[in-house]
Number of protein chains: 2
Amino acid sequence: MKAKAVAYTGNRSLRIGESVPVAPGAGEVRLDVGYCGVCGTDMHIFHGNMDQRVKMPQIIGHEVSGTVAELGSGVQGLKVGDTVAVRPLQFGAPTTFDNGHAHVGKNLKFIGIDLPGGMQASWTVPAYTLHKLPASLSLQHGAMIEPAAVACHDVRLGQVKSGEFCVVIGGGPIGLLIALVAKSKGATVLLSEINDARLALTESLGIIVVNPLKQDLVEAVRQHTAGAMADCVFEVSGSAPGVQAMTELSRARGRIVMVAIHPQPKPVSLFKFFWSELQLIGARLYEAEDFQEAIALAAAGRLSLDRLITQVSPIEEAQRVFEGIDARPDGIKTLIQCSN
Amino acid sequence: MKAKAVAYTGNRSLRIGESVPVAPGAGEVRLDVGYCGVCGTDMHIFHGNMDQRVKMPQIIGHEVSGTVAELGSGVQGLKVGDTVAVRPLQFGAPTTFDNGHAHVGKNLKFIGIDLPGGMQASWTVPAYTLHKLPASLSLQHGAMIEPAAVACHDVRLGQVKSGEFCVVIGGGPIGLLIALVAKSKGATVLLSEINDARLALTESLGIIVVNPLKQDLVEAVRQHTAGAMADCVFEVSGSAPGVQAMTELSRARGRIVMVAIHPQPKPVSLFKFFWSELQLIGARLYEAEDFQEAIALAAAGRLSLDRLITQVSPIEEAQRVFEGIDARPDGIKTLIQCSN
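Residues numbered from 1 in each chain as written. Chains lettered and ligands numbered in written order. Predicted model: local features only at pLDDT ≥ 70, side-chain atom pairs only at ≥ 80, totals over all residues. Heavy atoms only, no water.

Section: the overall build of chain A
No. 1: For chain A, the helix and strand inventory stands at eleven helices and 19 strands.
No. 2: The C-alpha atoms of chain A give a radius of gyration of 20 Å, which matches the 20 Å a tight globule of 340 residues would have.
No. 3: Seen through its principal axes, chain A has C-alpha atoms that stretch 60 × 45 × 40 Å.
No. 4: Across the 340 residues that make up chain A, the buried fraction comes to 58%.
No. 5: Considering only contacts within chain A whose residues lie at least 6 apart along the sequence, 68% involve residues at least 24 apart.
No. 6: Of the accessible surface of chain A, which amounts to about 12,900 Å², a share of 51% is contributed by carbon and sulfur atoms.
No. 7: Counting 30 positive and 32 negative side-chain charges, chain A places the averaged centre of each group 2 Å from the other. (Helix = DSSP H or I, 4+ residues; strand = E, 2+ residues; numbered from the N terminus. Rg over C-alpha atoms; globule rule 2.2 N^0.38 Å. Buried < 20%, exposed > 50% of the residue type's maximum accessible area, 1.4 Å probe, protein only. Contact = heavy atoms within 4.5 Å. Areas by Shrake-Rupley, 256 points an atom, 1.4 Å probe, with all protein chains shown as cover. Lys, Arg positive; Asp, Glu negative; His and termini not counted. Charge placed at Lys NZ, Arg CZ, Asp CG, Glu CD.)

So this is what it looks like as structure tokens:
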């Protein structure tokens, strides 16, 4: 297979071009990319919603597994042939605003949006972005580590503990992974989603499910908790009904993790935050420890990754794959095979 | 002075009646009330905003200092003549929703709203509501312990640490006390308020002040922090501009404490919570430890209580006092002298 790359060129168009290997500089590593997942963010780019941020043509993709092909000078702890997942964050100069939190730093660049991404056969990235995969983890599962790390970050910031009751609002890939990570902590998890195919999959993974268009979500949580309501709620839907529900679902001192992107301000019941001392916890991306946890959970078989991978398609078909995702909201995760 | 009581009878009317001593039952204590502060909540009751909750005629008042006059059976750790502050919470039967947080429990009754209050000469309350005052603390200062405990609770939940920069939006009694408690933790505090008399008082207490109608609040915080912005923001204004500002004032992983009551949902920039991993922390009332801290800070002279007490008026003048508070938004705290 000739080395190929997927570049977004604007207006729902992807161009399949050549992936040009870039010799790794000091502290960099060149990867042979295995698989690259298609993220909701890639779909946003495809739809033109991020044209102000993305320089065209731009090679996209940031949910990447690969094999170390070439090491730049000074790179330690990695060798050619190691399989890795990529944490696609290029840290910029720290600012006082960041307060030491580099992953949400003002000068952060996201690799695959702000810089060339991994939907290509050969990709050169900073060595500090790489997390070694155990031999037992396939490259397909390795491409799921990035979204799984998002879920680990969300659950960690939500301080989910064994025995707690969690509600996840929204059952796309991230919502489903959050549910599975929370379950791995010993929590009971209920997921709210309006797509019946996704609900069926979710239920088969041991998660309680509710379709809020068919059932009263607040009442369902009340019944499942005998009135206690939820210890932790994850708002992953990005919807106004999700924002309204999140405060109604929380018990006293409950935590609400804001995972979804809400571009416009939405009405929030600040009274409920006051009255029951709720907490809202914003959660974005991940830190290194979240990748480590995601790899450990995946290697232990706790994330049912085979069930979450809806399809795997060759890189040449990227245009058709993106159009297909738009047409079929039932799917969870599509992987692009970038090299063999 | 004959023993008197102030009862709200509806329609901005207070009736001065007789305070009838109630013999303390088991676990109860009868107090000779010293002073009772007028809270914003008392003003809400006076204005008729809480007529659905308050049974009329109702003796109001919950910011109380007093002297132990009579002990019911089984009361330990108190003796006649002790001076005390009252934590006016009657805990109800716990529910699973409460999750052990009795002060925000579903069956909590607030003494002075849901039950007869302390704006009277003689008052009988559960012994567990009482906090002994040190001999060095006057009864006037003792009546300031309840609002100071609110501030201690807010600052504690906001996890304010030495060296941090805090912004308090709203400079009434609670906002001012929050500023002073945060300052006592070693934080630098900026308070935003639109009343110039309150600003002058606040500034004289070592707090940075901004009038957001005359100065850009976000820019002011940016300048005072050299771009870092605030570690902790307290929204005490109850205003839409306050809610808008709170997310703009916070640095990465900043905490926002929701102190104010916002009866209606307000638009909130959930995107900023996501993007900079902000936290919103609802804070209501207080717990026992907050009273202990308030008493310690007051006794150590850290709360400038003499400066916060705008006037002290005899109980007979309650109607005129309440009308005067409406007419004069400059004041901070008015105390009602309830017995000699």
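A closer look at the relation of the copies chain B and chain A
No. 1: For the match of chain B to chain A, the screw axis carries a shift of 0.0 Å, the RMSD comes to 0.0 Å, and the turn is 180 degrees. Look at the turn and shift together and you get a two-fold axis relating the two. No C-alpha of chain B lies nearer the rotation axis than that of Pro267 of chain B, which sits 2.0 Å from it.
No. 2: The overlap is high: 100% of the interface residues of chain B also sit at the interface in chain A, so the same surface is used on both sides. (Least-squares fit on C-alpha atoms with pLDDT ≥ 70 in both.)

Here's the deal with the sheet that holds strand β2 (residues 13-18) of chain B
All names here are of chain B.
No. 1: Sheet architecture is open: three strands sit in the order β2-β1-β4, paired in antiparallel fashion. Two strands bound the open sheet, and with one partner strand each, they are β2 and β4 (58-59).
No. 2: In terms of strand pairing, strand β1 (residues 4-10) meets β4 through two bridges, oriented antiparallel. Bridging across to β4, Tyr8 finds its partner in Gln58. (Pairing = 2+ DSSP bridges.)

Description of the pairing of strand β6 (residues 83-86) of chain A
All names here are of chain A.
No. 1: Looking at chain direction, strand β5 (residues 63-71) and β6 are connected through three bridges and run antiparallel. The residue of β6 that forms the bridge with Gly66 is Val84.
No. 2: Judged from the three bridges that link them, β6 and strand β10 (residues 130-132) form a sheet pairing that is antiparallel. In the strand pairing of β10, Val84 is matched with Lys132.

Let's talk about helix α6 (residues 217-224) of chain B
All names here are of chain B.
No. 1: For α6, the complete set of buried residues consists of Leu217, Val218, Ala220 and Val221. Buried residues of α6, viewed axially, fall in a sector of 160 degrees; they line one side.
No. 2: Capping of α6 at its N-terminal end is provided by Asp216; its side-chain oxygen lies 3.0 Å from the backbone amide nitrogen of Val218.
No. 3: Looking one or two places after α6, you find Ala226, whose phi comes out positive at around 50 degrees. (Arc of directions from axis to C-beta. Polar contact = N/O pair within 3.5 Å; in protein donor to acceptor, adjacent residues only side chain to side chain.)

Points about the packing of aromatic side chains
No. 1: As enumerated under the stated definition, the model contains twelve aromatic pairs over all chains in all.
No. 2: When the centroid spacing of 5.9 Å and the interplanar angle of 50 degrees are considered together, the rings of Phe271 of chain A and Phe274 of chain A count as tilted. Within this pair, Phe271 of chain A and its partner Phe274 of chain A are both found in helix α8 (residues 270-275), separated by three residues, close to a single helical turn.
No. 3: With relative accessibility at 28%, the residue Phe271 of chain A sits in the partly exposed group.
No. 4: Its guanidinium or amino end placed over the ring of Phe97 of chain A, Lys106 of chain A lies 4.7 Å from that ring's centre, counting from NZ or CZ.
No. 5: Arg284 of chain A extends its terminal NZ or CZ atom over the ring of Trp275 of chain B, reaching a point 3.4 Å from the ring centre. (Phe/Tyr/Trp six-rings, centres within 6.5 Å; stacked < 30°, edge-to-face > 60°. Lys NZ or Arg CZ within 6 Å of the ring centre and 35° of its normal.)

Side note on the pattern of salt bridges
Once the charged atoms of two side chains with opposite charge are near each other, the side chains can pair.
No. 1: Here the structure, examined in full by the defined rule, presents 40 salt bridges over all chains.
No. 2: A salt bridge links Arg255 of chain A to Glu164 of chain A; its shortest N-O distance comes to 2.7 Å. In this pair, Arg255 of chain A sits in strand β15 (residues 250-258) while Glu164 of chain A sits in the loop between α3 (145-157) and β11 (165-169), placing the two residues 91 residues apart along the sequence.
No. 3: Judged by relative accessible area, Glu164 of chain A falls into the buried class, the value being 9%.
No. 4: Here Arg222 of chain A makes a salt bridge to Glu219 of chain A, at a shortest N to O gap of 2.4 Å. Here Glu219 of chain A and Arg222 of chain A lie together in helix α6 (residues 217-224), a separation of three residues that amounts to about one turn.
No. 5: Glu219 of chain A gets classed as partly exposed once you look at its relative accessible area, which sits at 33%.
No. 6: By sharing partners, the salt bridges in this structure join Arg156, Glu287, Glu289 and Asp290 of chain A together with Arg253 and Glu277 of chain B into a single network. (Salt bridge = Lys/Arg side-chain N within 4 Å of Asp/Glu carboxyl O.)

Regarding the pairing of strand β18 (residues 309-314) of chain A
All names here are of chain A.
No. 1: As judged from the five bridges shared by β18 and strand β19 (residues 333-337), these two strands associate in the parallel manner. Paired with Ser313 across the strands is Ile336, a residue of β19.
No. 2: Considered for its hand, the β-α-β crossover made up of β18, helix α11 (residues 318-327) and β19 is right-handed. (Right-handed = clockwise from strand over helix to strand, strands pointing away.)

Some details on the interface of chain B and chain A
You'll often see interface size given as the accessible area lost when the parts meet.
No. 1: Counting residues at the interface gives 45 residues for chain B and 45 residues for chain A.
No. 2: Summed over both sides, the interface between chain B and chain A buries roughly 4,000 Å², with carbon and sulfur atoms accounting for 60% of that surface.
No. 3: Taken as a group, Phe97, Leu270 and Phe274 of chain B account for 18% of the area that chain B buries against chain A, more than any other trio of residues on that side.
No. 4: The salt bridge partner of Glu287 of chain A is Arg253 of chain B, with a shortest N-O separation of 3.1 Å.
No. 5: Seen at the junction of chain B and chain A, the total is 23 residue pairs in polar contact (both at pLDDT 80 or more).
No. 6: When grouped by side-chain class, the residues that make up the side of chain B that touches chain A number 24 nonpolar, twelve polar and nine charged.
No. 7: As defined by bridge partners, strand β16 (residues 266-268) of chain A adjoins strand β16 (residues 266-268) of chain B across three bridges and the pair is classed as antiparallel. Residue Lys266 of chain A lies in a different strand from β16 of chain B, and its bridge partner there is Val268 of chain B. (Buried area = accessible area lost by both parts, 1.4 Å probe. Nonpolar A, V, L, I, M, F, W, Y, C, P; charged D, E, K, R; others polar.)

Section: the packing of helix α3 (residues 145-157) of chain B against helix α9 (residues 288-299) of chain B
Two quantities define a packed helix pair, namely the angle between the helix axes and the distance between the axes.
Residues and elements named next belong to chain B.
No. 1: Remark: α3 packs on α9, axes separated minimally by 8 Å, with the N-to-C direction vectors making an angle of 110 degrees. Relative to α9, the element α3 lies roughly perpendicular. Crossing geometry of α3 relative to α9 is assigned as right-handed. Counted together, Ile145, Glu146, Ala148, Ala149, Cys152, His153 and Arg156 of α3 and Glu289, Asp290, Phe291, Glu293, Ala294, Ile295, Leu297 and Ala298 of α9 form the full contact between these two elements. (Axes fitted to C-alpha atoms, helices over the stretch in contact; angles between N-to-C directions. Parallel < 35°, antiparallel > 145°, perpendicular 65-115°, else oblique. Left-handed = near helix turned anticlockwise from the far one by under 90°.)

Considerations on the side chain of Arg255 of chain B
Residue and element names in this part refer to chain B.
No. 1: For Arg255, a relative accessible area of 9% gives the class buried.
No. 2: Here the side chain of Arg255 touches Gly158 through a polar contact of 2.9 Å, landing on its backbone oxygen.
No. 3: For Arg255, the side chain forms a polar contact with the main-chain oxygen of Gln159, separated by 3.0 Å.
No. 4: In this structure Arg255 touches Gly158, Gln159, Val160, Lys161, Glu164, Asp231, Cys232, Val233, Gln279 and Ile281, once residues within four positions along its chain are discounted.

With respect to the sheet that holds strand β11 (residues 165-169) of chain B
No. 1: Taken in spatial order, the twelve strands make up an open sheet running β13(A)-β12(A)-β11(A)-β14(A)-β15(A)-β17(A)-β17(B)-β15(B)-β14(B)-β11(B)-β12(B)-β13(B), and their pairing is mixed. Lying at the two open borders of the sheet, with one neighbouring strand each, are β13 (208-210) of chain A together with β13 (208-210) of chain B. The sheet shows a mean angle of 20 degrees between the axes of neighbouring strands, direction not considered.
No. 2: Pairing of strand β14 (residues 230-235) of chain B with strand β15 (residues 250-258) of chain B involves five bridges; the strand directions are parallel. Bridge assignment links Glu235 of chain B to a residue of β15 of chain B, and that residue is Met258 of chain B.
No. 3: Its contacts with the sheet place helix α4 (residues 173-184) of chain A against β11, β12 (188-192) and β14 (230-235) of chain A, and it is angled at close to 170 degrees to β12 of chain A.

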